[in-house]
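# Commentary on secondary and tertiary structure
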Amino acid sequence: MPFTDNFSDLSNADGYQFEFRCERCGNGYRSAFRRDPRAAGQKIARGLGNLFGGQLSQFTSMAENLLDRSTNSPAKDEALRAATAEIGPRFHQCRGCSDWVCGDVCWNDQVGQCVRCSPALTEELAQLQAEARRQQMRQRLETVDLVGGVDLGRQAQPRCPSCGAQSHGGKFCGECGASLVNVRVCGGCRAENPGSSRFCAECGTSLIA
């Protein structure tokens, strides 16, 4: 019987239903729910047993034992065969990898294999073209000056040291007007020093107020 490892049993106390899934994309297809006529008879017998009790109640218990819903029961096997016949036309078994795949998305009918083993030419070409575009854009982008006018040697300040507002570039904060340049100007020689400096690198004057 096909579909031995890619289906789920959705059966319940009233009948049988199975869901089959494509082993490539995971798309699922459910068989029609098939009611078990024995389940209806069991409900009637249970109701009569509860009503009259005695021997009829014992008969109800026997009927419940006969209603076997185990995986290997003949009724379930027959229901699974019927579901397989119903859903089978939606699937194909790949001759390359032996997976069961859906015919709607994952089957290359011209080759008789799944699109993982034998990709569809138009889809494969579209994917390769997309990859080539990304590569060409990356190569061209490397030659474009995207930092013209930016002082790359100056320490960037993501936020204003005065008010904490987000900085979007420039030398002064757009919110409070404070300087975004992370330097300390020496009071003696007016040389600019990194913001973390404690003494001037030019004249040795203390930069701590």
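Everything here concerns the structure above.
Residues numbered from 1 in each chain as written. Predicted model: local features only at pLDDT ≥ 70, side-chain atom pairs only at ≥ 80, totals over all residues. Heavy atoms only, no water.

## Quick look at the overall build of the chain
Counting its secondary structure elements, the chain contains 4 helices and 11 strands. The buried share of the chain, taken over its 209 residues, is 25%. Sequence separation of 24 or more characterises 31% of the internal contacts of the chain that already satisfy a separation of 6 or more. (Helix = DSSP H or I, 4+ residues; strand = E, 2+ residues; numbered from the N terminus. Buried < 20%, exposed > 50% of the residue type's maximum accessible area, 1.4 Å probe, protein only. Contact = heavy atoms within 4.5 Å.)

## Considering the pattern of salt bridges
Counted under the stated rule, the structure contains 7 salt bridges. Of the charged contacts in the structure, one is a salt bridge between Lys 76 and Asp 9, with a shortest N-O distance of 2.7 Å. You can see Lys 76 sitting in helix H3 (residues 74-87) and its partner Asp 9 sitting in strand S1 (residues 7-9), a full 67 residues away along the chain. A salt bridge links Glu 78 to Arg 81; its shortest N-O distance comes to 3.2 Å. Highlighted residues: Glu 78 and Arg 81, both in helix H3, separated by 3 residues, approximately one helical turn. (Salt bridge = Lys/Arg side-chain N within 4 Å of Asp/Glu carboxyl O.)

## Examining the nonpolar core
Most often, soluble globular proteins keep nonpolar side chains buried together rather than apart. Ranked by size, the top nonpolar core spans 19 residues in total, and within it Phe 18, Phe 20, Cys 22, Phe 91, Val 101 and Cys 106 carry the most contacts. Listing elements by their share of this core, those giving two or more residues are strand S3 (18-21), H3 and strand S7 (100-102). Take this core: its biggest share by element is 4 residues, from H3. Here Phe 20 is in contact with Phe 3, Asn 6, Phe 7, Asn 27, Gly 28, Tyr 29, Leu 80, Ala 83, Thr 84, Ile 87 and Phe 91, once residues within four sequence places are set aside. Within the second largest apolar cluster, 5 residues are counted, among which are Cys 160, Ala 165, Ala 178 and Leu 180. (Core = buried A, V, L, I, M, F, W, Y, C linked by side-chain atoms within 4.5 Å.)

## Let's talk about H3
Given a rise of 1.5 Å per residue, 14 residues ought to cover 20 Å, and the 20 Å separating the end C-alpha atoms of H3 matches this to within 8%. Taken as a whole, H3 has its buried residues at Lys 76, Ala 79, Leu 80, Ala 83, Thr 84 and Ile 87. Axial view of H3: buried residues confined to an arc of 140 degrees, hence all on one face. Exposed residues on H3 whose side chains face more than 90 degrees from its buried face are Pro 74 and Ala 85. Next to the buried residues of H3 lie S1, strand S2 (15-16), S3, strand S4 (28-30) and strand S6 (91-93). (Expected span 1.5 Å × (residues − 1). Arc of directions from axis to C-beta.)

## Let's talk about the sheet that holds S3
With antiparallel pairing, 3 strands are arranged side by side in an open sheet as S1-S3-S4. If you trace the sheet from one side to the other, it starts and ends with S1 and S4, each paired once. Across the sheet, the mean angle from the axis of one strand to that of its neighbour is 20 degrees, orientation sign disregarded. Sheet topology places S3 next to S4; 3 bridges connect them, and they run antiparallel. If you follow Arg 21 over to S4, its bridge partner there is Gly 28. Set on the sheet, H3 makes contact with S1, S3 and S4; between it and S3 the angle comes to about 45 degrees. (Pairing = 2+ DSSP bridges. Axes fitted to C-alpha atoms, helices over the stretch in contact; angles between N-to-C directions.)

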